[in-house]
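Here are the chains, one letter per residue:
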Amino acid sequence: MEEFRRGYARLCPVPQGSVLRRLRDPTGPPGSARLDLTTLGLSLETCGALGRLLPGAAAFTEVALGDCGLSEEGVKLLLHGLCSNTTVKSLDLKGNNLRTVGAEALGKLLRQNKSIRSLILEWNSLGVWEEGFSFFCQGLRANNVLQKLDLRNNQINHQGAGELAMALKQNASLQELDLRWNNIGLLGGRALLNCLHSNRTLKRLELAGNNVPSDILKAVEQAMNHNQDRQAILNETQNRTYILSKEVMSLKDEKTKQFLDLMDTIDKQREEIARSGRMSAARVTQLQEALDEQHSIMNSLKAKLQMTEAALALSEQKVHGLGELLNATKQEQTTMAERHFAELQQQKQECADREDKLLRDLSAATDKNLLLRNQVDELEKKCKVQQDQLFQVKQDLTNTTAELKLRVAQAEERLEMEKKRFKQSLEDVESLRLKEVDHMAQHLEASERSMQDRIQRLEAIRIALEEELSQVKAAALTERGQAEEELMKVRSQARLEEQQRLEHLEEKLRLMTESRDEAQNCCLKQKQMVADAQAKASQLSLHADGLRRRLEQLQQDLNSKEEEKVIEVNKVKVELQEQIGHLQAERTAQEGLREKIAALERQLKALSSNHREALLDKESEISMLLEKLRMKEADISRMREEEAQRASFLQNAIMAYVQGSPLGTHTSRK
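If you're wondering where the values come from, they're calculated on a predicted model, not measured in any experiment. (Residues numbered from 1 in each chain as written. Predicted model: local features only at pLDDT ≥ 70, side-chain atom pairs only at ≥ 80, totals over all residues. Heavy atoms only, no water.)

### Regarding the overall build of the protein chain
Spelled out, the test is: Secondary structure elements follow DSSP: runs of H or I no shorter than four residues count as helices, runs of E no shorter than two count as strands, and numbering proceeds from the N terminus. C-alpha atoms define the radius of gyration, and 2.2 Å times the number of residues to the power 0.38 defines the globule rule. To sort residues, take the accessible area from a 1.4 Å probe on protein chains only and compare it with the maximum for the residue type: under 20% means buried, over 50% means exposed, and anything in between is partly exposed.
The helix and strand inventory of the protein chain stands at 14 helices and seven strands. Relative to the 2.2 N^0.38 estimate, which gives 26 Å for 670 residues, the radius of gyration of the protein chain is 58 Å and therefore markedly larger than a compact globule would have. Its C-alpha atoms give the protein chain principal-axis dimensions of roughly 175 × 70 × 35 Å. Burial analysis of the protein chain (670 residues in total) assigns 36% to the buried set.

What follows is the structure, given as structure tokens:
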């Protein structure tokens, strides 16, 4: 307010003291945006200054200039400033005796200003000059913002009322119009009543003190009541449509949230499956490293065997000079070794057969796990039976090793007995030694060949076992790939089903919106029909005073039609309630879909857990097979070491015997 006062003092060449005092001490409450200059008598200079200040600098919402004695030029300057103002909502110009120039300025203001909602023009002379008032009505016709207009005591005649009626036919914003204490008369009243058939926004029209017949006043009141009812119904429908749109948006938001949650859970499950795959790959690499270590150990054992074979060859070359008793003992030793090897081969064959059976059972179990996951309990029982069989195989191996140890002890005892016999019969067989040395050499070569053949057979058996292990690993990898493909298919199917359901729900929502629009169109058509019937009734009531009885009958018809309208509105309300019930049913169906999705997620989790358990079982079976291989290889290496030790013991004993015998001393002297 202080800035406005300073601007007025700067722009006005001769500022008025009363205006400055009013601007310094406003009459309204403190902090209010109201410019009140009523009953001050504003000069032309002050009007020009105010017209220059009002467009931009002043932030007023109400301007009160009543009873200021404004001149035609002063009013023109003020209203020209208000044309570009965007903050003023209410303008009061009562008691200023506005005429043609003022009416033209007001018409220009109504065409250009887009913020004024209330205009008070009481106690003026706008209707005296028809041209000025027609210009004002043209501005009112082009205005779509003004809601309240006060034209009391403006000397408006029936022609001015006709101009107003033409303006009201095209105006869609005015809600209150006060025309009391003018000279409208019968013709003006009829013109205003006719314009109400096309105007649906006017709620209040005051025509008291205008010499208008009572029947026209009643018809105007009925039209106003119908407009008010129509506006109330429109407001209710707008509120309901707004609430329904909010509910639809909330449902859409919930659906999007549920879809995002599902996608998050699917991504988490994918990450878990990837982690499990990485863990299984790491375990497979660890097993491969263990197998590589075993291969290296086997290679070292092969090198040791070659060294022992070379040592045996040297010992055999030294033993060429032994006698017939040594041949007999070696023959018995070879027979015992052959028996031992035959028994070992039988045991290996039995173990291989059992391993083949176990591998077949494992393959069958994996196939059944992929085809019939519901029979997991039976497969677990079979695995337990197979573990018992493996335990029995281990016990058989331990029993066989104990029997072999007993047989080795018996063989050693026999060797000692044969040594004694050899000492007794050595004195008798010295003459036949030279003839049988060649025969012993041939026999030793044959035994070496048989030993080499047996070693090759053992290596072939080991290679076959390694190939079987690689096949088992490949089968496990293929099963895991198939399980992952099945999981991907299940997820893709779930996504497709969810998309189809969402599209179905969107189509339902679209159909509901179309049905709602059709209901609204039906309501509008019915309202137009009622309005047309009311217009016909009003026209019939204006023809003659003697047709009041018919008017009463028409009023009864109108009342019946209004009751039908109320019944139809109730029907529309019931239909809307049914639609709301359908929406609630769809919401419950969506909740059922959510529960189904949760059940599918649980099934996916159960399937993944079963798959993990199957993988763990297979990994445990592979580890058991690897442990069996290690045990068998350890037994083979131990048997070889025992045979090498026995050969070295025999060689040392023979060498010691040869050196201690008289034959050895004779050969050394030679």
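There is more to say, and it comes next.
### Regarding the side chain of Gln16
Keep this limit in mind: Under the rule applied, a polar contact is a pair of N or O atoms within 3.5 Å (in protein, one hydrogen donor and one hydrogen acceptor; residues adjacent in sequence only if both atoms are side-chain atoms). Here, residues are in contact when the closest pair of their heavy atoms is within 4.5 Å.
In this fold, Gln16 is placed in the loop between helix H1 (2-11) and helix H2 (17-24). Using a relative accessible area of 15% as the deciding quantity, one classes Gln16 as buried. A distance of 2.8 Å separates a polar atom in the side chain of Gln16 from a polar atom in the side chain of Ser43. Ignoring any residue separated from it by four or fewer positions in sequence, one finds Gln16 in contact with Tyr8, Leu40, Gly41, Leu42, Ser43 and Thr46.

### Details of the pattern of salt bridges
Spelled out, the test is: Between Lys or Arg on one side and Asp or Glu on the other, a salt bridge is scored when a side-chain nitrogen of the former is within 4 Å of a carboxyl oxygen of the latter.
Scanning the model with the defined rule gives 15 salt bridges in all. For the salt bridge of Glu642 with Arg638, the shortest nitrogen-to-oxygen distance reads 3.5 Å. With Glu642 and Arg638 both in helix H13 (residues 548-660), this residue pair falls four residues apart, about one helical turn. When salt bridges that share partners are traced, they join Glu122, Asp150, Arg152, Asp178 and Arg180 into one network.

### Observations concerning the sheet that holds strand S1 (residues 34-36)
Which entries qualify depends on this criterion: A pair of strands is treated as paired once DSSP finds two or more bridges between them. Note on definitions: angles span 0 to 180 degrees between N-to-C directions of axes, and those axes are lines fitted to C-alpha atoms, for helices only across the stretch in contact.
Here we have seven strands laid out as an open sheet, ordered S1-S2-S3-S4-S5-S6-S7, and parallel in their pairing. Lying at the two open borders of the sheet, with one neighbouring strand each, are S1 and strand S7 (204-206). Each neighbouring strand pair of the sheet contributes to a mean axis angle of 0°, computed without reference to strand direction. Strand direction decides the pairing type here: strand S3 (residues 90-92) and strand S4 (residues 118-120), joined by three bridges, are parallel. By the bridge assignment for S4, Leu91 is matched with Leu119.

### Section: the packing of helix H7 (residues 158-170) against helix H8 (residues 185-195)
Selection rule: Oblique is the label for every angle not falling under 35 degrees (roughly parallel), over 145 degrees (roughly antiparallel), or within 65 to 115 degrees (roughly perpendicular). Note on residue categories: nonpolar means Ala, Val, Leu, Ile, Met, Phe, Trp, Tyr, Cys or Pro, charged means Asp, Glu, Lys or Arg, and polar means any other residue, Gly included.
Where H7 meets H8, the axes come as close as 8 Å, and the angle between the chain directions of the two elements is 5°. With respect to H8, the element H7 is oriented roughly parallel. Residues His158, Ala161, Gly162, Leu164, Ala165, Leu168 and Lys169 of H7 touch H8, and the partners they reach there are Leu187, Gly188, Ala191, Leu192, Asn194 and Cys195. Each residue belonging to the contact of H7 with H8 can be placed in one class, and the counts come to eight nonpolar, four polar and one charged.

### So, H7
Cut-off, in case you're wondering: Residue count minus one, scaled by 1.5 Å, sets the expected span of a helix.
With 13 residues, H7 should reach 18 Å at 1.5 Å per residue; the first-to-last C-alpha distance of 19 Å fits that figure. Buried positions along H7 lie against helix H6 (130-142), strand S6 (176-178) and H8. Capping of H7 at its N-terminal end is provided by Asn157; its side-chain oxygen lies 3.3 Å from the backbone amide nitrogen of Gln159.

### Things to note about the nonpolar core
Rule in force here: To define a nonpolar core, start from buried Ala, Val, Leu, Ile, Met, Phe, Trp, Tyr and Cys residues and group those joined through side-chain atoms within 4.5 Å.
Ranked by size, the top nonpolar core spans 69 residues in total, and within it Leu42, Leu121, Leu149, Leu151 and Leu179 carry the most contacts. Setting aside its immediate chain neighbours within four residues, Leu121 contacts Leu93, Lys94, Leu98, Leu106, Leu126, Phe136, Leu149, Asp150, Leu151, Arg152 and Asn154. One finds Leu291, Leu359, Leu362 and Ile622 within the second-largest nonpolar core, a separate group that totals 10 residues.

### A few points about a negative patch on the surface
Condition: A patch consists of residues whose relative accessible area exceeds 30% and which take part in no salt bridge; residues with like charges are grouped when within 9 Å of each other, and nonpolar side chains (Val, Leu, Ile, Met, Phe, Trp, Tyr) when within 5 Å. Here the Shrake-Rupley method, with its probe set to 1.4 Å, supplies the accessible areas, and only the displayed protein chains count as covering residues. This count recognises Lys and Arg as positive and Asp and Glu as negative, with His and chain-terminal groups excluded. Just so you know, the charge point we use is NZ for Lys, CZ for Arg, CG for Asp and CD for Glu.
A surface patch of negative charge is lined by Asp377, Glu378, Glu380, Glu613 and Asp617. Elements supplying a minimum of two residues to the negative patch: helix H11 (376-425) and H13. The element contributing the most residues to the negative patch is H11, with three residues. Along the chain, the position of Glu613 falls in helix H13. Residue Glu613 is classed as partly exposed on the basis of its relative accessible area of 38%.

### Considering the packing of H1 against H2
As a reminder, the rule being used: For any pair of crossing helices, the crossing counts as left-handed if the nearer helix is rotated counterclockwise from the farther one by less than a right angle, and right-handed if it is rotated clockwise.
The geometry of H1 relative to H2 is characterised by a closest axis approach of 9 Å and an angle of 165° between their N-to-C directions. Judged on the interaxial angle alone, H2 and H1 are roughly antiparallel. Note that H1 runs across H2; the crossing there is left-handed. Taken together, the residues of H2 that come into contact with H1 (itself represented by Phe4, Arg5, Tyr8 and Ala9) are Val19, Leu20, Leu23 and Arg24. Residues that form the contact of H1 with H2 fall into these classes: six nonpolar, no polar and two charged.

### Re the environment of Leu168
Tracing the sequence through the fold places Leu168 in helix H7. You can call Leu168 buried: its relative accessible area is 0%. Put simply, Leu168 and Asn199 are 31 residues apart on the chain and 6.6 Å apart in space, counted from C-alpha to C-alpha. Not counting residues up to four positions away in its chain, the partners in contact with Leu168 are Leu174, Leu177, Leu192, Cys195, Asn199 and Leu202.

### Topic: the side chain of Asn124
On the secondary structure map, Asn124 appears in the loop between S4 and H6. In this structure Asn124 comes out as buried when scored by relative accessible area, which is 3%. A polar contact of 2.9 Å, which involves the side chain of Asn124, links it to the backbone nitrogen of Asn97. For Asn124, the side chain forms a polar contact with the main-chain oxygen of Glu122, separated by 3.2 Å. Setting aside chain neighbours within four positions, we find Asn124 in contact with Leu93, Lys94, Gly95, Asn96, Asn97, Leu98, Asn153 and Asn154.

### Some details on the packing of aromatic side chains
This is how it is decided: Note on ring pairs: Phe, Tyr and Trp rings are taken, using the six-membered ring of Trp, and paired if centres are within 6.5 Å. Classes follow the plane angle, with under 30 degrees stacked, over 60 edge-to-face and the rest tilted.
For the structure shown, the criterion picks out two aromatic pairs. Each ring, one from Phe4 and one from Phe60, has its centre 5.1 Å from the other, and the planes form 85°; the classification is edge-to-face. In this pair, Phe4 is assigned in helix H1 and Phe60 in the loop between helix H3 (44-53) and strand S2 (62-64), connecting sequence segments 56 residues apart. The same class applies to Phe4 as to Phe60, namely buried.

### Some details on helix H5 (residues 100-112)
Residues spaced three or four apart along an α-helix point in a common direction, a consequence of the helix completing one turn every 3.6 residues. Taking 1.5 Å per residue as the helical rise, H5 with its 13 residues ought to reach 18 Å, and the 19 Å between its terminal C-alpha atoms agrees with that figure. Of all the residues in H5, the buried ones are Gly102, Ala103, Ala105, Leu106, Gly107, Leu109 and Leu110. Contact partners of the buried residues in H5: helix H4 (72-83), S3, S4 and H6.

### Examining the state of the cysteines
Note the threshold: For this text, the term disulfide refers to a pair of cysteine sulfurs within 2.5 Å.
Applying the stated criterion to the full structure yields zero disulfides. Unpaired in terms of disulfides, Cys68 finds its nearest cysteine sulfur in Cys47, a separation of 8.1 Å. A residue is classified by how much of its surface remains accessible, and Cys68, at 2% relative accessible area, is buried. Distance from the sulfur of Cys195, which forms no disulfide, to the nearest cysteine sulfur (Cys137) is 11 Å.

### Brief notes about unusual backbone geometry
Of note, Thr39 is a non-glycine position whose phi angle comes to about 60°, a positive value. If you trace the backbone, Thr39 turns up in the loop between S1 and H3. Judged by relative accessible area, Thr39 falls into the exposed class, the value being 53%. With phi around 55°, Asn153 is a residue other than glycine that occupies positive phi space. Mapped onto the secondary structure, Asn153 falls in the loop between strand S5 (148-150) and H7. With relative accessibility at 18%, the residue Asn153 sits in the buried group.

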